[in-house]
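Residue-level listing of the chains:
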Amino acid sequence: MLGANAVLLIGMKTVTLFCGVVLTTLTYRAYRRTQAPAMRALCFGIGFVTLGAILGGSLHQLVGMPVAQSITVEELFTAAGFFILTYSLYTDQPTTTT
């Protein structure tokens, strides 16, 4: 039987998955419409953060991976996602003419 903390964790991971999928889908659709490299990077960044959150929890709950290792996997994806999100802010900057 799952404890209250496990139920809360699963509930929050479900909310994260739902919101992440919605955001990733919206940014992908925006990329398809505009073909802007920044939107593509934004889509990948949000996708990586979402995937990391779900993968970290799943590895612990479903596979039985120790918490420290599953959190490490989660943080690797989160860090990569935030790096890509940061990159998206600097991609496709308007050129200035002098």
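Residues numbered from 1 in each chain as written. Predicted model: local features only at pLDDT ≥ 70, side-chain atom pairs only at ≥ 80, totals over all residues. Heavy atoms only, no water.

**Q** Break down the layout of surface pockets for me, with residues and values.
**A** The space that makes up the largest pocket amounts to roughly 180 Å³. Lining the largest pocket we find Leu 2, Leu 9, Ile 10, Lys 13, Thr 14, Leu 17, Ile 54, Gly 57, Ser 58, Gln 61 and Leu 62. Put simply, the parts of the chain that give the lining of the largest pocket at least two residues each are α1 (4-34) and α2 (37-63). Classifying every residue of the lining of the largest pocket gives six nonpolar, four polar and one charged. (1 Å grid on protein atoms, 1.4 Å probe; cavity = no way out; pocket = protein on both sides within 12 Å on 5 of 7 lines; lining within 4 Å. Points joined across faces, edges and corners; volume = space filled by probe spheres on them. Helix = DSSP H or I, 4+ residues; strand = E, 2+ residues; numbered from the N terminus. Nonpolar A, V, L, I, M, F, W, Y, C, P; charged D, E, K, R; others polar.)

**Q** Which residues make up the packing of α2 against helix α3 (residues 67-90), and what values do they have?
**A** Two measures define how a pair of helices packs: the angle their axes make with one another and the distance between the axes. It is at 8 Å that the axes of α2 and α3 come closest, and there the two elements cross at 175°. It follows that α2 is roughly antiparallel to α3 by the angle criterion. A per-class count over the contact of α2 with α3 returns 19 nonpolar, eight polar and one charged. (Axes fitted to C-alpha atoms, helices over the stretch in contact; angles between N-to-C directions. Parallel < 35°, antiparallel > 145°, perpendicular 65-115°, else oblique.)

**Q** Can you lay out the packing of α1 against α2 for me, pointing to particular residues and giving the numbers?
**A** At their nearest, the axes of α1 and α2 sit 8 Å apart, and the two run at 160° to each other. Taken together, the axis directions place α1 and α2 in an arrangement best described as roughly antiparallel. Regarding α1 and α2, the two cross each other, and that crossing is left-handed. For the contact of α1 with α2, a count of residues per class yields 13 nonpolar, nine polar and two charged. (Left-handed = near helix turned anticlockwise from the far one by under 90°.)

**Q** So what about the packing of aromatic side chains? Which residues, and what values?
**A** Considering all chains together, one arrives at one aromatic pair under this definition. Between Phe 48 and Phe 77 the ring centres are 5.9 Å apart and the planes differ by 35°, which places this aromatic pair in the tilted class. On the criterion of sequence distance, the pair formed by Phe 48 in helix α2 and Phe 77 in helix α3 is long-range, its members being 29 residues apart. Judged by its relative accessible area of 31%, Phe 48 falls in the partly exposed class. For Phe 77, a relative accessible area of 22% puts it in the partly exposed group. (Phe/Tyr/Trp six-rings, centres within 6.5 Å; stacked < 30°, edge-to-face > 60°. Buried < 20%, exposed > 50% of the residue type's maximum accessible area, 1.4 Å probe, protein only.)

**Q** Describe the environment of Leu 2, listing the residues and the values that go with them.
**A** Here Leu 2 shows up in the segment before α1. On the basis of relative accessibility, which here comes to 47%, the residue Leu 2 falls in the partly exposed class. Separated by 59 residues in the primary sequence, Leu 2 and Gln 61 place their C-alpha atoms 10 Å from one another. Among residues more than four places away in sequence, those in contact with Leu 2 are Val 7, Ile 10 and Gln 61. (Contact = heavy atoms within 4.5 Å.)

**Q** Talk me through the state of the cysteines; I want residue IDs and the actual numbers.
**A** Working definition of a disulfide: a covalent bond connecting the sulfur atoms of two cysteines. The final tally for this structure, using the stated rule, is zero disulfides. Free of any disulfide, Cys 19 has its nearest cysteine sulfur in Cys 43, 16 Å distant. Of the residues examined, Cys 43 reaches a relative accessible area of 11% and is grouped as buried. (Disulfide = S-S within 2.5 Å.)

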